[in-house]
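The lines below spell out each chain.
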Amino acid sequence: MNASRVRFAVMGTGRVTRRLIADIQSTAGATVTAIASRSADRARWQADCFGIPNAVCGYDELLRRDDFDAVYVALPPSLHHEWTLASCDAGKHVLCEKPLAVNADQVGEMIDAAETRDVRLLDATAWLHHDRTGQFRQWLDPDRTTPLSDAEDFGVSDEPDEEPTEPSFRLGPLRHLSAAVSFRSPFQNGDHRLDPDLGGGCLLDLGWYAAGLIRFAAGRLPQQVYADAVDREGVLTRVSATMQFSNDLTATLSCGFDTATRKWCEIAGEDASIVCDDFTRPWPDKPARSWVHEASGKVHSMVEPTVPTDGAPSVCHQERNMIGEFMRRIRLGRIDEAERQSHEQAWQTQRILDALAESISVGGPVKLAVASVT
Ligand SMILES: NC(=O)C1=CN([C@@H]2O[C@H](COP(=O)(O)OP(=O)(O)OC[C@H]3O[C@@H](n4cnc5c(N)ncnc54)[C@H](OP(=O)(O)O)[C@@H]3O)[C@@H](O)[C@H]2O)C=CC1
Ligand SMILES: O=C1CO[C@H](CO)[C@@H](O)[C@@H]1O
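One numbering rule holds for all chains: residues counted from 1, following each sequence as written. Chain letters and ligand numbers both follow the written order, the letters beginning at A and the numbers at 1. Only residues with pLDDT of at least 70 get local features here, since the model is predicted, and only at 80 or more are side-chain atom pairs given and counted; chain-wide, interface and lining totals rely on the full set of residues. Side-chain metrics in this entry use all non-hydrogen atoms of the structure; hydrogen atoms and water are not considered.

The name given to the protein in an unreviewed UniProt entry is 1,5-anhydro-D-fructose reductase, and the organism recorded there is Neorhodopirellula pilleata.

Q: Describe the overall build of the protein, with residues and values.
A: Summing up its helical and strand segments, the protein has 10 helices and 18 strands in all. Here the protein has a C-alpha radius of gyration of 21 Å; the compact-globule value for 374 residues is 21 Å, and the two agree. Summary of the burial criterion: residues with accessible area below 20% of their type's maximum are buried, those above 50% are exposed, and those between are partly exposed, where the area comes from a 1.4 Å probe applied to protein chains only. The 374 residues of the protein split such that 52% are buried. Within the protein, counting contacts between residues at least 6 apart in sequence, those at least 24 apart form 67% of the total. For the protein, the exposed area adds up to about 16500 Å²; of that, 47% sits on carbon and sulfur atoms. Charge assignment: positive for Lys and Arg, negative for Asp and Glu; neither His nor the chain ends contribute. Note that the charge is assigned to NZ on lysines, CZ on arginines, CG on aspartates and CD on glutamates. Across the protein, the 39 positively charged side chains and the 55 negatively charged ones have centroids separated by 6 Å. The way it works is that DSSP assigns letters per residue, a run of H or I at least four long becomes a helix, a run of E at least two long becomes a strand, and they are numbered from the N terminus. The size measure is the radius of gyration over C-alpha atoms, and the globule rule it meets is 2.2 Å times the number of residues to the 0.38 power. Note on contacts: a residue pair qualifies if any of its non-hydrogen atoms lie within 4.5 Å across the two residues. For every accessible area listed, the method is Shrake-Rupley and the probe measures 1.4 Å; residues are considered covered only by the protein chains on display.

Q: Please give an account of the packing of helix 9 (residues 318–332) against helix 10 (residues 337–362) that cites residues and values.
A: Look at helix 9 against helix 10: their axes get within 10 Å of each other, and the N-to-C directions meet at 125°. In terms of orientation, helix 9 lies oblique with respect to helix 10. The chirality of how helix 9 crosses helix 10 is left-handed. Residue-level inspection shows Glu325, Arg328 and Arg329 of helix 9 in contact with helix 10, the latter providing Ala338, Glu339 and Ser342. Each residue is assigned to one of three groups, with Ala, Val, Leu, Ile, Met, Phe, Trp, Tyr, Cys and Pro labelled nonpolar, Asp, Glu, Lys and Arg labelled charged, and all others, Gly among them, labelled polar. Classifying every residue of the contact of helix 9 with helix 10 gives 1 nonpolar, 1 polar and 4 charged. Angles run from 0 to 180 degrees between N-to-C directions of axes, and those axes are lines fitted to C-alpha atoms, restricted for helices to the stretch in contact. These descriptions rest on fixed angle ranges, namely under 35 degrees for roughly parallel, over 145 for roughly antiparallel, 65 to 115 for roughly perpendicular, and the rest for oblique. By the definition used in this description, the sense in which the near helix is turned from the far one sets the handedness, with an anticlockwise turn below a right angle giving left-handed and a clockwise turn giving right-handed.

Q: Lay out the sheet that holds strand 6 (residues 121–123) in plain terms, naming residues and giving numbers.
A: DSSP calls a pair of strands paired once it identifies at least 2 bridges connecting them. The strand order 3-2-1-4-5-6 describes an open sheet built from 6 strands, whose pairing is parallel. Edge positions in the open sheet fall to strand 3 (54–57) and strand 6, since each of these has one partner strand only. Neighbouring strand axes in the sheet, compared pairwise and without regard to direction, differ in orientation by 20° on average.

Q: For the confidence of the model for the protein, give the residues involved together with the corresponding values.
A: For residues with low pLDDT, the predicted coordinates do not support detailed interpretation. As a per-residue measure, pLDDT reflects the predictor's confidence and takes values from 0 up to 100. On average, residues of the protein score 92 in pLDDT, and 91% of them reach the 70 mark or higher. Strand 5 (residues 93–96) holds the highest mean pLDDT among the elements of the protein, 99, whereas strand 8 (residues 152–154) holds the lowest, 50. In the model, residues 154–158 has pLDDT below 50 throughout and makes 10 contacts with residues more than four positions away in sequence or in other chains.

Q: Quick rundown of the site of ligand 1? Include the residues and the values.
A: The rule for a residue being near a molecule or strand is that one of its heavy atoms must lie within 4 Å of it. Looking at ligand 1, there are 25 residues lining it, with Thr13, Ser37, Arg42, Tyr59 and Arg193 nearest. Pairs of N or O atoms are called polar contacts if they sit within 3.5 Å, as long as, within protein, a hydrogen donor faces a hydrogen acceptor (for residues adjacent in sequence, only side-chain-to-side-chain pairs). Between ligand 1 and Arg15, the relevant distance is 2.9 Å, taken from an oxygen atom to a main-chain nitrogen or oxygen of the residue. Contact with the protein chains removes 84% of the 890 Å² of surface that ligand 1 exposes when unbound. Of the residues forming the shell around ligand 1, the biggest block, 3 residues, is contributed by helix 1 (residues 15–25). Looking at side-chain class alone, the shell around ligand 1 contains 11 nonpolar, 6 polar and 8 charged residues.

Q: Describe the domain arrangement of the protein, naming the residues involved and giving the relevant values.
A: Domain delimitation in this document rests on an assignment produced automatically or drawn from a domain database. Along its sequence, the protein is organised into domain 1 (6–128 + 323–336) and domain 2 (131–315 + 349–367). Inter-centroid distance (C-alpha atoms) of domain 1 to domain 2 is 28 Å. With 17 residues of domain 1 at the interface, the matching set in domain 2 holds 21 residues. Accessible-area loss on putting two parts together, using a 1.4 Å probe and summing over both, is the definition of buried area adopted here. The junction of domain 1 with domain 2 conceals about 1600 Å² of combined surface from both sides, 59% of it contributed by carbon and sulfur atoms. For this document, the term salt bridge refers to a Lys or Arg side-chain nitrogen within 4 Å of an Asp or Glu carboxyl oxygen. In this structure, the connection of domain 1 to domain 2 is made through 1 salt bridge. In this structure, Lys98 and Asp205 form a salt bridge, with 2.9 Å as the shortest nitrogen-oxygen distance. Counting across the domain 1 and domain 2 interface gives 8 residue pairs in polar contact (both at pLDDT 80 or more). Counting residues per element, the ones that place at least two in the side of domain 1 that touches domain 2 are helix 1 and helix 5 (104–117). Partitioned by chemical class, the residues of the side of domain 1 that touches domain 2 number 10 nonpolar, 3 polar and 4 charged.

Structure (structure tokens):
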């Protein structure tokens, strides 16, 4: 690898590929040198669209090349495991689309393969790399009191303060987490999201985000889950679930293909809660915002640190942040704590999804054993 550039190759020519190729090409130090498709024509067409020098027919054929360092696996979920293992075997770093696989056993094998070959593996869950998520991470620190100097206050309660208080907040002990992610009928017949054999269904496609948010905020697995689903012709189209964690923490999850767009979450502590209506990706015309609701009734509107408060759209680009972090790990040349945490986040997210799927299938609660992949 050239020390200053990371060369990517892409597997697949679908919807997400088109977006992420542009993001890779606009990330400093990254370049796309090859794209592979099952069809030579599609590979050529996509390569021409993006000025990619090499169009390759077949993913196997791609992995025989030595002119790239990392593979971006942008295939339907059921193919992530196979092509991540093959890429690791070929000594390539892997940026793999979400859901990382179709079950936690597969994720465990993918992590093992990456560790054995000493290559980097990252799931392309971009919201985890947004600056606003970095803010949430800080606010979640139980010992932290966060100053409110940057908040745009509104909706102040009618209750007068008994004595003047410092402008700051803390979440206090976490009590409830909630996340809902859905889109209304966005897919055509034939889309992998509607094909159970390709890892379709809203639980894997969108539950990945909602369960991921809950795992991110809790920092651990639930002890028990219960889920209910609407199943249309073998495809899960709506799922709702409850979860119980240790230390008196509960959670609710909702995802589906048949409601208006929802991508919100609430992280509720005893003293304050964080509310965010677009955690997976900020609405395009808004800065990345969230709200802090205090137990007193005060509400504070928060914006990410790098964004001016004049309402200008967010300047943070979560995909470029993610690609940049993946490249940092590649250049480091060994697994570090940040990568271990990503692996744990991905594996535990997939374990939650497995437990929810099992609960839907048995029609009752499912217990989870505490475990760690790292
Ligand atoms: N991170 C994000 O924001 C997003 C992530 N995703 C994720 O990215 C992945 C791909 O999604 P998306 O791009 O929307 O999917 P598409 O169906 O648009 O593209 C998938 C590509 O995979 C290749 N492929 C290989 N085998 C098959 C097969 N048996 N059936 C269908 N396609 C196949 C095809 O490329 P070819 O035949 O040319 O090789 C196809 O273009 C999914 O895991 C999805 O969850 C999707 C959207 C956003
Ligand atoms: O990850 C994703 C982002 O949102 C899409 C909805 O438009 C999902 O279906 C997709 O897989």
